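Each chain, written out:
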Amino acid sequence: MNSDHDLIVRTVREFVEREVLPVASDMERHDTYPEALVATMGRLGLFGLNIPEQYGGADAGYTTFAAVFEELARAWLGLSGILATHLVLCDILKSFGTSEQRQRFLPVLAQGETRGALCLSEAEAGSDLQSLRTTATREGDVYRINGSKMWITNARHAQMFLVLTKTDTSVKPPHRGISAFVAEKGQPGLTVGRDIPKLGYRGLETCEVHFDNFAVPAANLIGGVEGQGFAQVMTGFEAERLNLAARALGLARAAFEDAIAYAQQRVTFGKPIAEHQAIQLKLADMATRIEATRLLTYSAAEKKDRGERCDLEVAMAKVFASETAVEASLEAMKILGGNGYSKDFPIERYYRDAPLTLIGGGTGEIVRLLIARRLLTKYARSG
Ligand SMILES: Cc1cc2nc3c(=O)[nH]c(=O)nc-3n(C[C@H](O)[C@H](O)[C@H](O)COP(=O)(O)OP(=O)(O)OC[C@H]3O[C@@H](n4cnc5c(N)ncnc54)[C@H](O)[C@@H]3O)c2cc1C
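Below, the structure is looked at part by part.

**Considering the site of the ligand**
Then, in step 1: The ligand sits among 18 residues. The nearest are Ser-121, Ser-127, Trp-151, Thr-363 and Glu-365.
Then, in step 2: Separating an oxygen atom of the ligand from a backbone N or O atom of Leu-120 is a distance of 3.0 Å.
Then, in step 3: Thr-153 is positioned such that a nitrogen or oxygen atom in its side chain is 2.8 Å from a nitrogen atom of the ligand.
Then, in step 4: Structurally, the ligand is housed in the largest pocket.
Then, in step 5: Taken together, the elements giving at least two residues each to the shell around the ligand come down to strand S3 (142-153), helix H12 (355-359) and helix H13 (364-378).
Then, in step 6: For the shell around the ligand, the class distribution of residues is nine nonpolar, seven polar and two charged.

**Points about the side chain of His-276**
Then, in step 1: Its place among the elements puts His-276 in the loop between strand S9 (271-272) and helix H8 (277-305).
Then, in step 2: If near-sequence neighbours (up to four positions away) are discounted, His-276 is found in contact with Thr-268, Phe-269 and Lys-271.

**Structural notes on the layout of surface pockets**
Then, in step 1: In this structure, the largest pocket occupies an estimated 1,300 Å³ of space.
Then, in step 2: Along the walls of the largest pocket sit 48 residues, with Ser-121, Ile-359, Gly-360, Gly-361 and Gly-362 positioned nearest its centre.
Then, in step 3: Taken together, the elements giving at least two residues each to the lining of the largest pocket come down to helix H5 (77-96), S3, helix H7 (229-265), helix H9 (311-336), helix H11 (347-353), H12 and H13.
Then, in step 4: With nine residues, the top contributor of residues to the lining of the largest pocket is H7.
Then, in step 5: Taken together, the residues that form the lining of the largest pocket break down as 23 nonpolar, 14 polar and 11 charged.
Then, in step 6: Along its surface, the second largest pocket is lined by 15 residues, and Asn-2, Asp-4, His-5, Ala-60 and Thr-64 are the ones closest to its centre.
Then, in step 7: Among the elements that take part in the lining of the second largest pocket, helix H1 (residues 3-20) stands out by supplying five residues, more than any other.
Then, in step 8: Counted by class, the lining of the second largest pocket contains five nonpolar, six polar and four charged residues.

**Focus on a negative patch on the surface**
Then, in step 1: On the surface, Asp-4, Asp-6, Glu-53 and Asp-59 cluster together into a negatively charged patch.
Then, in step 2: Mapping Asp-59 onto the fold places it in the loop between helix H3 (35-43) and helix H4 (62-75).
Then, in step 3: A residue is classified by how much of its surface remains accessible, and Asp-59, at 43% relative accessible area, is partly exposed.

**Re the environment of Glu-184**
Then, in step 1: Secondary-structure assignment places Glu-184 in strand S5 (residues 178-184).
Then, in step 2: Residue classification places Glu-184 among the partly exposed positions, given a relative accessible area of 33%.
Then, in step 3: Distance in space between the C-alpha atoms of Glu-184 and Asn-213 is 14 Å, their sequence separation being 29 residues.
Then, in step 4: Aside from chain neighbours lying at most four places away, what touches Glu-184 is Arg-104, Phe-105, Gln-159, Met-160, Phe-214 and Asn-220.

**Comments concerning the packing of aromatic side chains**
Then, in step 1: Across all of its chains, the model carries five aromatic pairs by this definition.
Then, in step 2: Between Tyr-262 and Phe-345, the aromatic rings sit 6.1 Å apart at their centres with planes inclined by 90 degrees, giving edge-to-face as the arrangement. With Tyr-262 in helix H7 and Phe-345 in the loop between helix H10 (338-341) and H11, this pair connects stretches of sequence that are 83 residues apart.
Then, in step 3: Residue classification places Tyr-262 among the buried positions, given a relative accessible area of 12%.
Then, in step 4: Stacked on the ring of Phe-47, the Lys or Arg Arg-115 has its end atom at 5.6 Å from the ring centre.
Then, in step 5: Between Lys-304 and the ring centre of Tyr-62, over which it is positioned, the NZ or CZ distance is 4.7 Å.

Cut-offs applied
- Residues numbered from 1 in each chain as written.
- Predicted model: local features only at pLDDT ≥ 70, side-chain atom pairs only at ≥ 80, totals over all residues.
- Heavy atoms only, no water.
- Near = heavy atom within 4 Å.
- Polar contact = N/O pair within 3.5 Å; in protein donor to acceptor, adjacent residues only side chain to side chain.
- 1 Å grid on protein atoms, 1.4 Å probe; cavity = no way out; pocket = protein on both sides within 12 Å on 5 of 7 lines; lining within 4 Å.
- Sits in = over half its atoms within 2 Å of the grid points.
- Helix = DSSP H or I, 4+ residues; strand = E, 2+ residues; numbered from the N terminus.
- Nonpolar A, V, L, I, M, F, W, Y, C, P; charged D, E, K, R; others polar.
- Contact = heavy atoms within 4.5 Å.
- Points joined across faces, edges and corners; volume = space filled by probe spheres on them.
- Patch = residues over 30% accessible without salt bridge, like charges linked within 9 Å, V, L, I, M, F, W, Y side chains within 5 Å.
- Areas by Shrake-Rupley, 256 points an atom, 1.4 Å probe, with all protein chains shown as cover.
- Salt bridge = Lys/Arg side-chain N within 4 Å of Asp/Glu carboxyl O.
- Lys, Arg positive; Asp, Glu negative; His and termini not counted.
- Charge placed at Lys NZ, Arg CZ, Asp CG, Glu CD.
- Buried < 20%, exposed > 50% of the residue type's maximum accessible area, 1.4 Å probe, protein only.
- Phe/Tyr/Trp six-rings, centres within 6.5 Å; stacked < 30°, edge-to-face > 60°.
- Lys NZ or Arg CZ within 6 Å of the ring centre and 35° of its normal.

Okay, structure coming up:
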């Protein structure tokens, strides 16, 4: 780890301890958007974390990227979600935007006042993104976008959307007709619909977004060539799944740390529950899974930092981390007994937040299919 990494992670950790932990449970309970925390995150430069220095960003590597998400999610998964889709948009623009697009969008996104969101999913197309129905039709210098997106996190507070569309509905396989655009709010025809009520992941909005003949300049077609959008987004999913693995790790760590502290204070049958073997076994299992999650997550991040193909490793980290987060939050709830079920303690929040990591960025089933596909290619039998 270099000194830049250490400085960024230490700064985020101090921010979390000083400003986020004291307010997270209350803001989450009231579903309050954390305006002041987001402003501080902007001042800390987090919205430019993965943007190259030439565009005003911190140009941090993926190991630092993962560590920042771990620290934020340790306090509040929702807060980390405000950063997540923004940085995935930045990642895709950095990798696939034309040089003109990088110059036009990245410096603005790095400042953090203009934030990004990802409009991929639709009511009938989540896991099966190739069946999306939103279209983009060229008319002179613009494309007209028509269709509705669903589950769009940050839709109300973000000003810049990556919209996945079909520019060709007849081509086979369908992904060859999929194109991604940067859509900026401000023109008629883009409406943010209802906020979808959620089990957890509160404090930030997840909405429907409707496009009705919305005009996007042809210059906003990411990469400048039609039919590349699906591949661009699939590559962007590496950063998405890596941040989800790191966020799940942060949440699992929070559940474990709360549980092991509680277990040493709570006395039953004349001794702290930490001295009962049944509780010790839970703590040991939690810590072991969390350590394995840490190794998978940071090993995948290091591979991405080295510029090596890492979709398999990121997928494994995401699946394992998300299931660890769900399990750790439930085990922590058991260790806290009635207090684990009470809103006086943050465990019930972890328990409601954790399943988002199972679903977002591809469900566990879909990500396992990707893992299996890669393994079958790697271990293909000849003849
Ligand atoms: C809180 C929240 C925030 C989100 N934020 C965003 C966002 O910002 N932007 C965005 O674009 N999307 C977002 N999503 C959408 C998310 O990516 C999708 O919900 C997810 O990809 C699953 O799609 P689906 O809900 O349509 O489920 P479906 O695709 O309908 O899947 C239903 C079930 O079937 C399983 N399944 C589907 N196909 C297969 C198969 N071939 N084999 C085995 N099992 C299968 C799935 O694993 C799942 O268990 C968000 C979702 C949530 C809940």
